[in-house]
Amino acid sequence: MFNRRTFMALTALAGLVGCGGSKFRTYNGPEVTRLVLLKSERKLHLVNGTKALKSYKVGLGGNPVGPKQFEGDQKTPEGAYLIDRQNPNSNYHLSIGISYPNQRDVEFAESQGKKPGGDIFIHGRARKNKGRGKDWTAGCIAVKDGEMEEIYSMVRVGTPIYIYP
């Protein structure tokens, strides 16, 4: 039998566990069938069919105008890619990977005697990057940590992403 003090302690503990701040959320809504990034508007849209389910303001690479072509150019890619992985242990809170570079990207970079770069993600800011300005990544797409939690729960590996200038 619980006494009042034990009951209150367990109730408080249950409340703390419920507010535990887990970065892993669940999502039971409509499937995200594609992502659309409009670089010039700094907007990422999660879309089902023809309807935007959610939209987010984003930060881009430090040199955001034009497509990513080479390692170190500080540009965010443009074109059609896939979400190809999830990283729950990201240095930037959470992240989902974009399948850059594709074969065309590799061939172009090599034709110029350079490497195309890689490791392009949609990721959080990891608090430490808060206030770094609008475009601060090495070519990735950055959103607020809480928004990244939503995106991570909604987007599945294999989902297409279309990145426009």
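Before reading further, recall that the structure is shown in the block above.
### Some thoughts on helix H3 (residues 145–154)
Within H3, seven of the 10 residues are buried, leaving the element largely enclosed by the surrounding structure. Every buried residue of H3 is listed here: Asp145, Met148, Glu149, Ile151, Tyr152, Ser153 and Met154. As for H3, its buried residues are in contact with strand E2 (43–48), strand E3 (51–57), strand E4 (79–87), strand E5 (95–98) and strand E6 (120–123).

### Some words on the packing of aromatic side chains
The description of two aromatic rings rests on the distance between their centres and on the angle between their planes. According to the stated counting rule, one finds four aromatic pairs in the structure shown. Measuring from centroid to centroid gives 5.8 Å for Phe70 and Phe108, while their planes differ by 25 degrees, and the two rings are stacked. Taken as a pair, Phe70 in the loop between E3 and E4 and Phe108 in helix H2 (residues 103–111) lie far apart in primary sequence, 38 residues in all. For Phe70, a relative accessible area of 16% corresponds to the buried category. Assessed through its relative accessible area of 35%, Phe108 is described here as partly exposed. Here the aromatic rings of Tyr92 and Trp136 are separated by 6.1 Å at their centres, their planes lie at 45 degrees, and the arrangement is tilted. Of the two residues, Tyr92 is situated in the loop between E4 and E5 and Trp136 in the loop between E6 and strand E7 (141–142); the sequence distance between them amounts to 44 residues. Assessed through its relative accessible area of 29%, Tyr92 is described here as partly exposed. Above the plane of the ring of Phe70 lies Lys114, whose end atom (NZ or CZ) is 4.5 Å from the centre.

### Re the pattern of salt bridges
Overall, the coordinates contain seven salt bridges when judged by the stated rule. Among the ionic pairs, Glu150 bridges to Lys54, the shortest N-O distance being 3.3 Å. Residue Glu150 is found in helix H3, and its partner Lys54 is found in strand E3; the two are separated by 96 residues along the sequence. Classification of Lys54 as partly exposed rests on a relative accessible area of 32%. Here Asp119 makes a salt bridge to Arg85, at a shortest N to O gap of 3.6 Å. Taken as a pair, Asp119 in the loop between H2 and E6 and Arg85 in strand E4 lie far apart in primary sequence, 34 residues in all. Taken together, the salt bridges that share partners define one network made up of Asp84, Arg85 and Asp119.

What counts, and where the lines are drawn
Residues numbered from 1 in each chain as written. Predicted model: local features only at pLDDT ≥ 70, side-chain atom pairs only at ≥ 80, totals over all residues. Heavy atoms only, no water. Buried < 20%, exposed > 50% of the residue type's maximum accessible area, 1.4 Å probe, protein only. Helix = DSSP H or I, 4+ residues; strand = E, 2+ residues; numbered from the N terminus. Contact = heavy atoms within 4.5 Å. Phe/Tyr/Trp six-rings, centres within 6.5 Å; stacked < 30°, edge-to-face > 60°. Lys NZ or Arg CZ within 6 Å of the ring centre and 35° of its normal. Salt bridge = Lys/Arg side-chain N within 4 Å of Asp/Glu carboxyl O.

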